[in-house]
Amino acid sequence: QVQLVESGGGLVQAGGSLRLSCVTPASIFTIYKMGWYRQAPGKQRELVATITSGGRTNYADYLKGRFTISRDNAKNTVYLQMNSLKPEDTAVYYCNAERSGTTYWGKGTLVTVSS
C-alpha cells in the first residue's frame, strides 16, 4: 500500500510561516506529479499547488505568490512553504500523487492560522 506521509502542520499566527513536508515512496516520487490540496471545514477539497517530476509548478490563483511548492529528489520529499498566512488558510492540507488517472493521498496535516 502506498503511503504519503505529511508533516509540518500546526498553529501559527496570521502573517506567520509554515513549511509542510510529504515523504513519498521512491517508486512513486520519481514519476508522479506531486501536489498539495487543502480542505477547510465545511468546504470542498481544493488545489493548492502541483509540481511535476521535471519540476514544473502550478499554483491556485488565490495564493497570489504566498506559497511555494518544491521537491527534493534525493529525499523523495515534496514541500510546501507557506508565507504570510491568513486565517482563511486554516485547513487540513493533503499531499497528493497523480499519474495517468492513478491517485494517492496522504492522511493530511492540520494548519490553523489564528487572527
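Preceding block: the structure.
Residues numbered from 1 in each chain as written. Predicted model: local features only at pLDDT ≥ 70, side-chain atom pairs only at ≥ 80, totals over all residues. Heavy atoms only, no water.

(A) Inspection of the state of the cysteines at higher detail. Inspection of every chain in the model, using the stated rule, returns 1 disulfide. The side chain of cysteine 22 participates in a disulfide bridge whose partner is cysteine 95; the two sulfur atoms lie 2.0 Å from each other. Across the disulfide from cysteine 22 to cysteine 95, rotation about the S-S bond amounts to roughly -85°, and the bridge is consequently left-handed. Note that cysteine 22 is positioned in strand 3 (residues 18-23) and cysteine 95 in strand 9 (residues 91-99), a separation of 73 residues in sequence. Here cysteine 22 matches cysteine 95 in class, with each residue buried. (Disulfide = S-S within 2.5 Å. Helix = DSSP H or I, 4+ residues; strand = E, 2+ residues; numbered from the N terminus. Buried < 20%, exposed > 50% of the residue type's maximum accessible area, 1.4 Å probe, protein only.)

(B) Summary view of the sheet that holds strand 3. The strand order across the open sheet built from 4 strands is 1-3-8-7, with neighbouring strands paired in antiparallel fashion. Looking at strand neighbours, the two that pair on one side only are strand 1 (5-7) and strand 7 (67-72), the edges of this open sheet. Pairwise comparison of adjacent strand axes, ignoring direction, gives a mean angle of 15° for this sheet. With 6 bridges connecting them, strand 3 and strand 8 (residues 77-82) associate as antiparallel partners. By the bridge assignment for strand 8, cysteine 22 is matched with valine 78. (Pairing = 2+ DSSP bridges. Axes fitted to C-alpha atoms, helices over the stretch in contact; angles between N-to-C directions.)

(C) Quick peek at the pairing of strand 5 (residues 46-51). Relative to strand 5, strand 4 (residues 33-39) is paired through 5 bridges, and the arrangement is antiparallel. Directly across from glycine 35, in strand 5, lies its bridge partner threonine 50. Connecting strand 4 to the antiparallel partner strand 5 that follows it, the hairpin turn spans 6 residues, and glycine 42 within it adopts a positive phi of roughly 75°. The pairing of strand 5 with strand 6 (residues 57-59) spans 3 bridges and is classified as antiparallel. When the bridges of strand 6 are listed, threonine 50 appears paired with asparagine 58.

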